[in-house]
Amino acid sequence: MPAPRPLPAATPTRDDVLTAFRRESLLSAARRVFGARGFDAATVDAIAAEAQVAKGTVYLYFPSKEAIYDAAFDAGLDQLVRQTADRLRATGDPRAAIRAFIEVRLEYFQEQPDFFRMYMVHVSRQIAGCAPTSRPDLMTQQTRALRDLFARSVRSGAMRAVDPGAAAHAVFDMTRGLIARRLLSRTRASVAADVAFLTDLLWTGLQAPASTATDPTA
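Scope of this entry: the structure provided in the associated data block. (Residues numbered from 1 in each chain as written. Predicted model: local features only at pLDDT ≥ 70, side-chain atom pairs only at ≥ 80, totals over all residues. Heavy atoms only, no water.)

So, about unusual backbone geometry. In this structure, Gln52 takes a positive phi of about 60° despite not being glycine. You can call Gln52 exposed: its relative accessible area is 74%. (Buried < 20%, exposed > 50% of the residue type's maximum accessible area, 1.4 Å probe, protein only.)

Here is the structure:
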């Protein structure tokens, strides 16, 4: 018997679209409030005011301040991880992948500085061992695509024989430092120059050594 045909995907209703829009509006407002005030000083009243809705509307979507914080953080991180993976899939070599990794993250956080502040607080809490244990390790989650590409590059000889995970973590750490410097110090340095410098610095340490030419006089 032929396999049954999959059922067509249900078309979202007007209410579905409106619900998704309102939820995303609340998450965007929450990121702005949490980024500006931090978790302890932020309130549901402030989030409602930022989203220009009644406080009760917030509770229709999220049962507590903790719930909306988690949803806002997870949605922002998921979007960043997807954009990073999509950009890396479009690259053809490890050096281009390093540049793409730096660029996409710098672009994302420059567009969402409030989320970057939330992100840095969460990273600090995870390092200190007080972040929620239910959430995956942030570094591993964000470097998986880069680690896999590096593993293929090491096998092909395009990169020196390094630990792909350690190399991906090094790119992650140095990229985070660059972003923090640019956003927190309000530097006027060229984005392109900063990206090119860090890419060259990292690639110098990761590229496979050039073949040694035979000395004809030896």
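Let us keep going from here.
The next point concerns the pattern of salt bridges. Under the definition given, this model contains 13 salt bridges. Arg31 serves as the salt-bridge partner of Glu24, at 3.0 Å between the closest nitrogen and oxygen. Of the residues examined, Arg31 reaches a relative accessible area of 8% and is grouped as buried. Two residues, Glu103 and Arg99, come together in a salt bridge whose shortest N-O distance is 3.2 Å. In this pair, Glu103 and Arg99 both sit in helix 5 (residues 94–111), four residues apart, roughly one turn of the helix. What makes Glu103 partly exposed here is its relative accessible area of 23%. Beyond isolated ion pairs, a larger network of salt bridges with shared partners links Arg87, Arg99, Glu103 and Glu107. (Salt bridge = Lys/Arg side-chain N within 4 Å of Asp/Glu carboxyl O. Helix = DSSP H or I, 4+ residues; strand = E, 2+ residues; numbered from the N terminus.)

A cluster of nonpolar side chains, Met174, Phe197 and Leu201, forms an exposed patch at the surface whose accessible area comes to about 300 Å². Here Met174 lies in helix 8 (residues 164–185). (Patch = residues over 30% accessible without salt bridge, like charges linked within 9 Å, V, L, I, M, F, W, Y side chains within 5 Å. Areas by Shrake-Rupley, 256 points an atom, 1.4 Å probe, with all protein chains shown as cover.)

For the pair helix 8 and helix 9 (residues 191–206), the least separation of the axes is 11 Å and the interaxial angle reads 155°. Taken as axis vectors, helix 8 and helix 9 run roughly antiparallel relative to one another. In this structure, helix 8 crosses over helix 9, and the sense of that crossing is right-handed. Facing helix 8, whose interface residues are Ala167, Ala170, Val171, Met174, Thr175, Leu178, Arg181 and Arg182, helix 9 presents Val191, Asp194, Leu198, Leu201, Leu202 and Leu206. Residues that form the contact of helix 8 with helix 9 fall into these classes: ten nonpolar, one polar and three charged. (Axes fitted to C-alpha atoms, helices over the stretch in contact; angles between N-to-C directions. Parallel < 35°, antiparallel > 145°, perpendicular 65-115°, else oblique. Left-handed = near helix turned anticlockwise from the far one by under 90°. Contact = heavy atoms within 4.5 Å. Nonpolar A, V, L, I, M, F, W, Y, C, P; charged D, E, K, R; others polar.)

The next point concerns the packing of aromatic side chains. Any aromatic ring pair is given by two values, namely how distant the centres are and how the planes are angled relative to each other. Applying the stated criterion to the full structure yields twelve aromatic pairs. Seen in terms of ring centroids, Tyr108 and Phe115 are 6.2 Å apart; in terms of plane orientation they differ by 90°. Their pairing is edge-to-face. One exposure class covers both Tyr108 and Phe115, and it is buried. Taken together, the ring pairs in this structure connect Phe34, Phe39, Tyr69, Phe73, Tyr108, Phe109, Phe115, Phe116 and Tyr119 into an aromatic cluster. Its guanidinium or amino end placed over the ring of Phe39, Lys65 lies 4.3 Å from that ring's centre, counting from NZ or CZ. (Phe/Tyr/Trp six-rings, centres within 6.5 Å; stacked < 30°, edge-to-face > 60°. Lys NZ or Arg CZ within 6 Å of the ring centre and 35° of its normal.)

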